[in-house]
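So the chains spell out like this:
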Amino acid sequence: PQLANQIAAGEVVERPASVVKELVENSLDAGATELLIDIEKGGCKKILIRDNGSGIARDELQLALCRHATSKISTLDDLEQIVSLGFRGEALASISSVSRLTLTSKPAHQDNAWQASAEGRDMQVEIKPAAHPVGTSIEVVDLFFNTPARRKFLRSDKTEFSHIDELVKRLALSRFDVSWTLVHNGQPVRQLRQATDTDQQQKRVAALCGKAFAQHASRVNVDYDGMSLHGWLVQPAACSEQAVQYCYVNGRMMRDKLLNHAIRQAYGHLLRPEQQPSFVLYLQLDPRQVDVNVHPAKHEVRFHQARLVHDFVVSALQNALSQLQA
Ligand code: ADP
Ligand code: MG
């Protein structure tokens, strides 16, 4: 199983930020409203994610860690040459196969917390009692310690951390109802309280996207025929800092050609060719109208009624921009 896990890890775990992404998504899936992301040395030394979610019961700890069956490939050396096998949601098993992973958890109904860690080539799982409030902590130490080929692709701690920070930014902009703490080498880097009203959300946007963006951005808030577009956008001349571009479809961050095209078209002549628009936008539509899994890693999306979505975004933004100018 170790081998199959490592193969899967090749797809899902590209760098420390991908570990953080998988773990945070698990925490959010578990209903967490408070997240601590504690990083050492860009995540190459340590990644600790603590949440206040539903927790994992003692007798499910083992299952959470080892899920993969054996694969056809039989040696670790083969493994390092394989890069493109499919991956299907076995994040914990994969991550624990390329790091020293410890899982500590306590569901509300359980009296005590328990800790599980997988060791050695055969990933024997050891389970022992621990102290932990309701929720889960996952600690990932020495990422890629046993896969030198992967380790070689890691950049400097600073670069790896900047990927993590960017990810946390993206996620924090998609979940205002969650409080986020990001720590690097013992220093708090971001502390974002839950933002329940528009005022607090505006503050979070300022903290994440810069004061200039927050000051000049105007709110977009349009509903039409089961679709909605809300968020903030800036008229280019008003904001000289680097462009802020975040676009979410049904809560997931996307980089989509159709949406980018619609946004540019809405700006029209307001945007000189060399200028980049700045926006934080949330498009909400019937989930049956969109396939988000076209390519999860690439954040692509397919709209069933592409024309309609495109035109809705264009007119919603044109509307907002015309109010800006008035
Ligand atoms: P997947 O998310 O695709 O189910 P993972 O390997 O990411 O696979 O997680 C395995 C399982 O471990 C999850 O299905 C979930 O039951 C449990 N789990 C992982 N992380 C957490 C967490 N932070 N809180 C509660 N349960 C978790
Ligand atoms: Mg998962």
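Check the entry above for the structure.
Just so it is clear, the structure is predicted and the values come from calculations on it, not from any experiment.

Conventions used here
Residues numbered from 1 in each chain as written. Chains lettered and ligands numbered in written order. Predicted model: local features only at pLDDT ≥ 70, side-chain atom pairs only at ≥ 80, totals over all residues. Heavy atoms only, no water. Phe/Tyr/Trp six-rings, centres within 6.5 Å; stacked < 30°, edge-to-face > 60°. Helix = DSSP H or I, 4+ residues; strand = E, 2+ residues; numbered from the N terminus. Buried < 20%, exposed > 50% of the residue type's maximum accessible area, 1.4 Å probe, protein only. Lys NZ or Arg CZ within 6 Å of the ring centre and 35° of its normal. Lys, Arg positive; Asp, Glu negative; His and termini not counted. Salt bridge = Lys/Arg side-chain N within 4 Å of Asp/Glu carboxyl O. Polar contact = N/O pair within 3.5 Å; in protein donor to acceptor, adjacent residues only side chain to side chain. Contact = heavy atoms within 4.5 Å. Axes fitted to C-alpha atoms, helices over the stretch in contact; angles between N-to-C directions. Parallel < 35°, antiparallel > 145°, perpendicular 65-115°, else oblique. Left-handed = near helix turned anticlockwise from the far one by under 90°.

Q: Please clarify how the packing of aromatic side chains should be interpreted in this entry.
A: The description of an aromatic ring pair uses the distance of the two centres, along with the angle that the planes make with each other. Evaluated as defined, the whole model comprises 4 aromatic pairs. For the ring pair tyrosine 248 and tyrosine 282, a centre distance of 5.0 Å and an interplane angle of 10° mean the geometry is stacked. Of the two residues, tyrosine 248 is situated in strand S11 (residues 245-249) and tyrosine 282 in strand S13 (residues 278-284); the sequence distance between them amounts to 34 residues. When its relative accessible area of 7% is taken as the criterion, tyrosine 282 is described as buried. Here the aromatic residues Phe176, Trp232, Tyr248 and Tyr282 are joined through ring pairs into a cluster of three or more. Sitting over the ring of tryptophan 114, arginine 58 keeps its end group 4.1 Å from the ring centre.

Q: I keep staring at the side chain of aspartate 51 and nothing clicks. Help me out?
A: You can see aspartate 51 is positioned in strand S2 (residues 46-51). Although aspartate 51 is buried, it makes no salt bridge; arginine 50 carries the closest opposite charge, 8.3 Å away. Side chain to side chain, aspartate 51 and serine 27 meet in a polar contact 2.7 Å long. The contacts of aspartate 51, once residues within four sequence positions are left out, are Ser27, Ala32, Glu34, Leu35, His132, Val134, Gly135 and Thr136.

Q: Can you help me understand the environment of leucine 92 in this one?
A: Looking at the secondary structure, you find leucine 92 in helix H5 (residues 91-97). Its relative accessible area of 10% is what places leucine 92 among the buried residues. In sequence terms leucine 92 and alanine 64 are 28 residues apart; their C-alpha atoms lie 6.7 Å from each other. Setting aside chain neighbours within four positions, we find leucine 92 in contact with Leu23, Asn26, Ala64, Leu65, Leu101, Leu103 and Ile138.

Q: Just to check I follow, could you spell out the pattern of salt bridges for this structure?
A: Opposite charge on two side chains permits them to pair, given that their charged atoms come into close proximity. Across all of its chains, the model carries 12 salt bridges by this definition. In this structure, lysine 21 engages glutamate 25 in a salt bridge whose closest nitrogen and oxygen atoms are separated by 3.3 Å. A residue pair is termed a helical-turn pair when its members lie 3 or 4 positions apart in one helix, as lysine 21 and glutamate 25 do in helix H2 (residues 16-29) at 4 residues. Assessed through its relative accessible area of 22%, glutamate 25 is described here as partly exposed. One salt bridge in this structure joins lysine 169 and glutamate 166, with 3.9 Å as the shortest N-O distance. In this pair, lysine 169 and glutamate 166 are both assigned in helix H7 (residues 157-174), 3 residues apart and thus about one turn of the helix distant. Through salt bridges with shared partners, one network takes in Asp38, Glu40 and Lys46.

Q: Help me understand unusual backbone geometry in this model?
A: Residues apart from glycine generally show negative phi values, whereas peptide bonds are mostly found in trans. The phi dihedral of aspartate 142 is positive, around 55°, even though this residue is not glycine. Its place among the elements puts aspartate 142 in the loop between strand S6 (135-141) and helix H6 (148-151). Residue aspartate 142 is classed as buried on the basis of its relative accessible area of 19%.

Q: What am I meant to see in the side chain of serine 278 here?
A: Tracing the backbone through its elements, the reader meets serine 278 in strand S13. Of the residues examined, serine 278 reaches a relative accessible area of 5% and is grouped as buried. Separated by 2.9 Å, the side chain of serine 278 and the backbone nitrogen of valine 244 make a polar contact. With sequence-adjacent residues up to four places away left out, serine 278 is seen in contact with Phe213, Leu233, Val234, Gln242, Ala243, Val244 and Tyr267.

Q: Can you walk me through the environment of asparagine 26 in this structure?
A: Mapped onto the secondary structure, asparagine 26 falls in helix H2. Placed 27 residues apart in sequence, asparagine 26 and glycine 53 show a C-alpha to C-alpha distance of 9.3 Å.

Q: Would you take a moment to explain the packing of H2 against H7 for this structure?
A: Two quantities define a packed helix pair, namely the angle between the axes and the distance from one axis to the other. Two elements in contact, H2 and H7, have axes separated by 8 Å at closest approach and are oriented at 30°. Judged by the angle between their axes, H2 and H7 are roughly parallel. When the axes of H2 and H7 are compared, the crossing they make is right-handed. Note on element contacts: H7 touches H2 through Glu160, His163, Ile164, Leu167 and Leu171, opposite Pro16, Ala17, Val20, Lys21 and Val24.

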